[in-house]
Amino acid sequence: MTNLLAVDTSTENCSVALQWQNTFFSEAIESPREHSQRLLPFVEQVLQQAKTDLNQLNGLVVGVGPGSFTGVRIGVSMAQGLAFSSELPVFPVSSLQALAQQAIRKHQAEAVVACIDARMGEIYYALYRNNSGVAEAVTEPAVAEPSETLFADYNIQGFYTAGTGWDNYSEILDPKKQLKHSGDCRLPLAEDMLTLATKGNVLAVHAENLEPLYVRNEVTWKKLPGR
């Protein structure tokens, strides 16, 4: 799969990236309240820059969460609509894994603790290792209250941090200062999701089977009417 479009609105970022014949195009802006207005124009921009259209692509990549419930729904719903219209397979990518991939890309991190602020005094988190340049999961995405013992079962010495969860909870989560804090990897980017879809162990699904990754069990997902 060489021609892929990636979209992500799972956090404050609205991010789109296109891999077209080994050339990359991307647009991103931090606009938490404007995802529904900005996402499709960004898609049109990168397609125009590449002088192509959806029907010429091999598939779509979408950030399925965890993150903002509204943002996740917007990204997944729009990805479903685009995939249905062009009969494209969809590669679902975790926003936490995309953050880890960003730390690998920017810092050649060997291991990453990705944390996203989940609000309500909680964080979404997962641990990853660098496997030949690709973020490979050590733990599954989970949600928890920040605590000094959250990572006690893991040797996190020298891990890089990524995600907004470190903005408010770094002192609690890393009291012994074992981690390397990378302040430039706060929000996931669609370009890193492209890498995970092409080089990682991400399986494509049909649009009707695309599901958000909320992590919080009390949230339910309603598919498009008639799907």
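See the structure printed just above.
What counts and how
- Residues numbered from 1 in each chain as written.
- Predicted model: local features only at pLDDT ≥ 70, side-chain atom pairs only at ≥ 80, totals over all residues.
- Heavy atoms only, no water.
- Phe/Tyr/Trp six-rings, centres within 6.5 Å; stacked < 30°, edge-to-face > 60°.
- Helix = DSSP H or I, 4+ residues; strand = E, 2+ residues; numbered from the N terminus.
- Buried < 20%, exposed > 50% of the residue type's maximum accessible area, 1.4 Å probe, protein only.
- Salt bridge = Lys/Arg side-chain N within 4 Å of Asp/Glu carboxyl O.
- Pairing = 2+ DSSP bridges.
- Right-handed = clockwise from strand over helix to strand, strands pointing away.
- Expected span 1.5 Å × (residues − 1).
- Contact = heavy atoms within 4.5 Å.
- Polar contact = N/O pair within 3.5 Å; in protein donor to acceptor, adjacent residues only side chain to side chain.
- Core = buried A, V, L, I, M, F, W, Y, C linked by side-chain atoms within 4.5 Å.
- Axes fitted to C-alpha atoms, helices over the stretch in contact; angles between N-to-C directions.
- Left-handed = near helix turned anticlockwise from the far one by under 90°.
- Nonpolar A, V, L, I, M, F, W, Y, C, P; charged D, E, K, R; others polar.

**Student:** If you had to explain the packing of aromatic side chains to someone new, which residues and values would you point to?
**Tutor:** Two aromatic rings, taken as a pair, are described by how far apart their centres are and by the angle between their planes. Tallied over the full model, the rule gives three aromatic pairs. With 5.6 Å between their ring centres and 75° between their planes, Y125 and F151 make a pair best called edge-to-face. Taken together, the residues Y125 in strand β7 (residues 122-131) and F151 in the loop between β9 (142-144) and β10 (160-162) connect sequence positions 26 residues apart. Here F151 falls in the buried class, since its relative accessible area comes to 4%. Following the ring pairs from residue to residue traces out a cluster consisting of Y125, F151 and W166.

**Student:** Which residues make up the pattern of salt bridges, and what values go with them?
**Tutor:** According to the stated counting rule, one finds seven salt bridges in the structure shown. We note a salt bridge from E12 to R119, for which the minimum N-O separation is 3.3 Å. Placement of E12 in the loop between β1 (4-8) and β2 (13-20) and of R119 in strand β6 (residues 111-119) is noted, with a sequence separation of 107 residues between them. The salt bridge partner of E34 is R38, with a shortest N-O separation of 2.6 Å. Through salt bridges with shared partners, a single network forms among E12, D117 and R119.

**Student:** Describe the pairing of strand β4 (residues 59-63), with residues and values.
**Tutor:** Of all five residues making up β4, five are buried, and the element is well covered by its neighbours. Burial along β4 is two-sided: the residues G59, V61 and G63 and L60 and V62 are all buried. The pairing of β1 with β4 spans four bridges and is classified as parallel. Note on β4: the bridge partner recorded for L5 is L60. By the bridge criterion, four bridges tie β4 to strand β5 (residues 90-93) in an arrangement that is parallel. Looking at the pairing, L60 lines up with V90 of β5. Crossover handedness for the path β4 to helix α2 (residues 69-86) to β5: right-handed.

**Student:** Quick one: what's the story with helix α3 (residues 95-107), residue by residue and with numbers?
**Tutor:** Taking 1.5 Å of rise per residue, 13 residues should cover 18 Å, and α3 covers 18 Å from first to last C-alpha, within 8% of that figure. For α3, a buried count of ten out of 13 residues is recorded, marking the element as mostly surrounded by other parts of the structure. Listing the buried residues of α3 in full gives S95, L96, Q97, A98, L99, A100, Q101, Q102, A103 and I104. Elements in contact with the buried residues of α3: β5, β6, β7, β8 (134-137), β10 and α5 (190-199). The N-cap residue of α3 is S94: its side-chain oxygen and the backbone nitrogen of L96 are 3.1 Å apart. At the exit of α3 stands Q108, carrying a positive phi of roughly 55°.

**Student:** Account for the nonpolar core, with residues named and values stated.
**Tutor:** In terms of nonpolar packing, the biggest core is built from 31 residues, with V61, L96, V112, Y128 and L196 touching the most fellow members. Listed by contribution, the elements that provide at least two residues to this core are β1, β5, α3, β6, β7, β8, β10 and α5. Broken down by element, the residue count for this core peaks at six residues, all from α3. Setting aside anything within four residues of it in sequence, one finds V112 in contact with A100, A103, I104, A126, L127, Y128, F159, Y160, T161 and A162. Counting 30 residues, the second-largest nonpolar core is a separate cluster that includes V7, F42, A79 and L210.

**Student:** Please provide a residue-by-residue account of the packing of helix α1 (residues 35-50) against α2, values included.
**Tutor:** Packing of α1 against α2 leaves a shortest axis separation of 10 Å and a crossing angle of 35°. For the element pair α1 and α2, the recorded crossing hand is right-handed. Counted together, H35, S36, L39 and L40 of α1 and G71, I74, M78 and L82 of α2 form the full contact between these two elements. A per-class count over the contact of α1 with α2 returns five nonpolar, three polar and no charged.

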